[in-house]
Amino acid sequence: MPRRAARAALPLPDLVVLVLQGGGALGAFQAGIYEALIELGIELDWVAGISIGAVNAAIIAGNPRDEAVGRMRSFWDGVSSALPSFPTFDNDLAREWTHLGAAARVATFGVPGFFVPRIPPPMFAERQTPAAVSFYDTAPLAATLDRLVDWDRLNHGKVRLSVGAVAVETGNFRYFDTTTDTIDARHIMASGALPPGLPPIEIDGHWYWDGGLVSNTPLEHVVEAGHEDMLVFQVDLFPARGDRPHDLEEAWSREKDIRFSSRTRRISDGLVRRRKEHRLIDRMLAKLPPEARDLPEVKAIEKMIDAKALNVVQLVHQPPAWQTGVRDFEFSRATMEANWALGRAAVEAAMKDGHLLADSIAEGRSDSFAVQSGDLRPKAG
């Protein structure tokens, strides 16, 4: 019998995974989603993240279930503490200018508990050192992670953790995973070390940058490494669809959305399609006579296919009109709270039509769903 979420009429397969992509300050949207999932009683078996998604993932995996939301709230309250909670203007233009001003303050003074400007600046540092190749120092983030994450629980608890980073010298992408690695603050910081703002992180003699330089979503790693029936909540911080830009600022914002969302959409749709194709191949092989099933070629094909069910629910951040291209590094308290609330609303919208997802899970199908206009809808194809 499949598990069921405590307060949602939703059957849960063998693996329930939360996939968190990078997006800086937009990570508060992920926090709102996690809080809503916990309130529904949905237990996570695995959480995978890149960049700010790795930070949120570490807090989730490194704390008891009933304490993780509070620790995540501590992180997001802390990083937004230096900026006042601006009044919520009804006028989008006024909110936009406040939003731009808050981002400028972050660029000038950094983010408490996260990163601070380098003094002296990098041009005066010794060449080929972290200080020479980045504008900010992330030592405060190491202290924040050590305060909010129980590393022993993270590495030996029941929630699996994966975080992605890219090797500076080879360009090779790597996942650090609690099934094979002992993870500490360095691995989380490496996953979010976006150049040239943040410095590379050294791990075992190798230097790493932000995994988002290669792939902004860990979904592919999760699907390839997990071979059970799986439900994945994929949190996308950049929407694929958007209006035609009116000016340079909107063009910058739209370009960023397309650059990051196109990767995640292509990966998720392709993985679900592949699972469906493998299931068809599995059914075809089952109809072969016994003598054909024993052929080496058939045995090789059987080892290649993965016919387990995969359901992906994409929860996409849809930025309000006043959020601009600086929204991934605008850490004001008002914007953090707005993004957190949007995350909760995305889960509520998905669960409104949750019977569609429940039917797919119960019947062992593979489907990709997206929250569109407040409704959960299977994606075409």
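What counts and what doesn't
Residues numbered from 1 in each chain as written. Predicted model: local features only at pLDDT ≥ 70, side-chain atom pairs only at ≥ 80, totals over all residues. Heavy atoms only, no water. Helix = DSSP H or I, 4+ residues; strand = E, 2+ residues; numbered from the N terminus. Rg over C-alpha atoms; globule rule 2.2 N^0.38 Å. Buried < 20%, exposed > 50% of the residue type's maximum accessible area, 1.4 Å probe, protein only. Contact = heavy atoms within 4.5 Å. Areas by Shrake-Rupley, 256 points an atom, 1.4 Å probe, with all protein chains shown as cover. Lys, Arg positive; Asp, Glu negative; His and termini not counted. Charge placed at Lys NZ, Arg CZ, Asp CG, Glu CD. Axes fitted to C-alpha atoms, helices over the stretch in contact; angles between N-to-C directions. Parallel < 35°, antiparallel > 145°, perpendicular 65-115°, else oblique. Left-handed = near helix turned anticlockwise from the far one by under 90°. Nonpolar A, V, L, I, M, F, W, Y, C, P; charged D, E, K, R; others polar. 1 Å grid on protein atoms, 1.4 Å probe; cavity = no way out; pocket = protein on both sides within 12 Å on 5 of 7 lines; lining within 4 Å. Points joined across faces, edges and corners; volume = space filled by probe spheres on them. UniProt positions renumbered as here; feature names shortened; annotations may be inferred. Patch = residues over 30% accessible without salt bridge, like charges linked within 9 Å, V, L, I, M, F, W, Y side chains within 5 Å. Salt bridge = Lys/Arg side-chain N within 4 Å of Asp/Glu carboxyl O. Phe/Tyr/Trp six-rings, centres within 6.5 Å; stacked < 30°, edge-to-face > 60°. Lys NZ or Arg CZ within 6 Å of the ring centre and 35° of its normal. Expected span 1.5 Å × (residues − 1).

1. Quick word on the overall build of the protein chain
Helix and strand counts for the protein chain stand at 13 helices and 14 strands. At 21 Å, the protein chain has a C-alpha radius of gyration in line with the 21 Å of a compact globule built from 381 residues. By its C-alpha atoms, the protein chain is 75 × 50 × 40 Å across when sized along the principal axes. When the 381 residues of the protein chain are sorted by exposure, 52% land in the buried category. In the protein chain, of all internal contacts separated by at least 6 residues, the share reaching a separation of at least 24 is 72%. In the form shown here, the protein chain has an accessible surface area of approximately 17400 Å², with 55% of it arising from carbon and sulfur atoms. One way to put it: in the protein chain the 42 positive side-chain charges average out to a point 3 Å from where the 51 negative ones average out.

2. Thoughts on the packing of helix H3 (residues 65-79) against helix H5 (residues 139-148)
Running from N to C, H3 and H5 point in directions that differ by 160°, and their axes come no closer than 10 Å. In terms of orientation, H3 and H5 fall into the roughly antiparallel class. Note on packing geometry: the crossing formed by H3 with H5 is right-handed. Taken together, the residues of H5 that come into contact with H3 (itself represented by Arg71, Ser74 and Phe75) are Leu141, Thr144, Arg147 and Leu148. Each residue belonging to the contact of H3 with H5 can be placed in one class, and the counts come to three nonpolar, two polar and two charged.

3. Focus: the layout of surface pockets
The calculated volume of the largest pocket comes to roughly 690 Å³. Forming the boundary of the largest pocket are 31 residues, of which Gly24, Leu194, Leu198, Asp328 and Phe329 lie nearest the centre. Sorting the residues of the lining of the largest pocket by element identifies helix H2 (52-61), helix H4 (92-109), helix H7 (185-191) and helix H9 (248-286) as the ones contributing at least two each. A total of three residues in the lining of the largest pocket trace back to one element, the largest contributor, which is H9. Split into classes, the residues belonging to the lining of the largest pocket amount to 19 nonpolar, eight polar and four charged.

4. Looking at the UniProt feature "short sequence motif: GXGXXG" (unreviewed entry) in the protein chain
What UniProt calls "short sequence motif: GXGXXG" (unreviewed entry) maps, in this numbering, to residues 22-27. End C-alpha to end C-alpha, residues 22-27 measures 7 Å, and it is 17% helix and 0% strand.

5. Digging into a nonpolar patch on the surface
Taken together, Leu194, Leu213 and Val214 make up a surface patch of nonpolar side chains, about 240 Å² in accessible area. In this structure, Val214 sits in the loop between strand S10 (206-210) and helix H8 (219-225).

6. A look at unusual backbone geometry
For residues that are not glycine, phi is negative in most cases, and the peptide bond is trans in most cases. Of note, the bond from Ile119 into Pro120 is cis; its omega dihedral lies within 30 degrees of zero at 0°. Along the chain, the position of Pro120 falls in the loop between strand S5 (116-117) and strand S6 (136-137). Along the chain, Pro195 connects to Pro196 via a cis peptide bond; the corresponding omega equals -5°. Relative to the elements of secondary structure, Pro196 occurs in the loop between H7 and strand S9 (201-203). A positive phi angle is found at Gln128, which is not glycine, with a value near 65°. Looking at the secondary structure, you find Gln128 in the loop between S5 and S6. Judged by its relative accessible area of 80%, Gln128 falls in the exposed class.

7. Describing the packing of helix H1 (residues 27-39) against helix H12 (residues 333-352)
Two elements in contact, H1 and H12, have axes separated by 6 Å at closest approach and are oriented at 40°. Looking at the two axes, H1 sits oblique to H12. For the crossing formed where H1 meets H12, the hand is right-handed. Each of Ala28, Phe29, Ala31, Gly32, Ile33, Glu35, Ala36, Leu37 and Glu39 in H1 lies in contact with H12, whose residues at this interface are Met336, Asn339, Trp340, Leu342, Gly343, Arg344, Ala346 and Val347. For the contact of H1 with H12, the per-class residue count stands at eleven nonpolar, three polar and three charged.

8. Remarks on the packing of aromatic side chains
Geometrically, a pair of aromatic rings is defined through the distance of the ring centres and the angle of the planes. Overall, the coordinates contain eight aromatic pairs when judged by the stated rule. Seen in terms of ring centroids, Phe75 and Trp76 are 5.2 Å apart; in terms of plane orientation they differ by 90°. Their pairing is edge-to-face. For Phe75, a relative accessible area of 2% corresponds to the buried category. Relative to Tyr175, the ring of Phe173 has its centre 4.8 Å away and its plane inclined at 70°; by these criteria the two rings are edge-to-face. Three or more aromatic residues link up through ring pairs in this structure, and these residues are Phe75, Trp76, Phe114, Phe115, Tyr136 and Phe331. It is Arg160 that lies over the ring of Trp46; its NZ or CZ is 3.8 Å from the centre.

9. Some words on empty space enclosed by the protein
By the definition in use, this model includes two cavities of 30 Å³ or more. Estimates place the volume of the second largest cavity at around 30 Å³. Lining the second largest cavity are Thr138, Leu141, Met189, Gly192, Ala193, Leu198, Pro199 and Ile201. The residue inventory of the lining of the second largest cavity, partitioned by class, reads six nonpolar, two polar and no charged.

10. Remarks on H1
Over its 13 residues, H1 runs 19 Å from end to end, which matches the ideal 18 Å to within 8%, given 1.5 Å per residue. The element H1 is extensively covered by neighbouring structure, given that twelve of its 13 residues are classed as buried. Among all positions of H1, only Gly27, Ala28, Phe29, Gln30, Ala31, Gly32, Ile33, Tyr34, Glu35, Ala36, Leu37 and Ile38 are buried. Looking one or two residues beyond H1, the residue adopting positive phi is Gly41, at roughly 80°.

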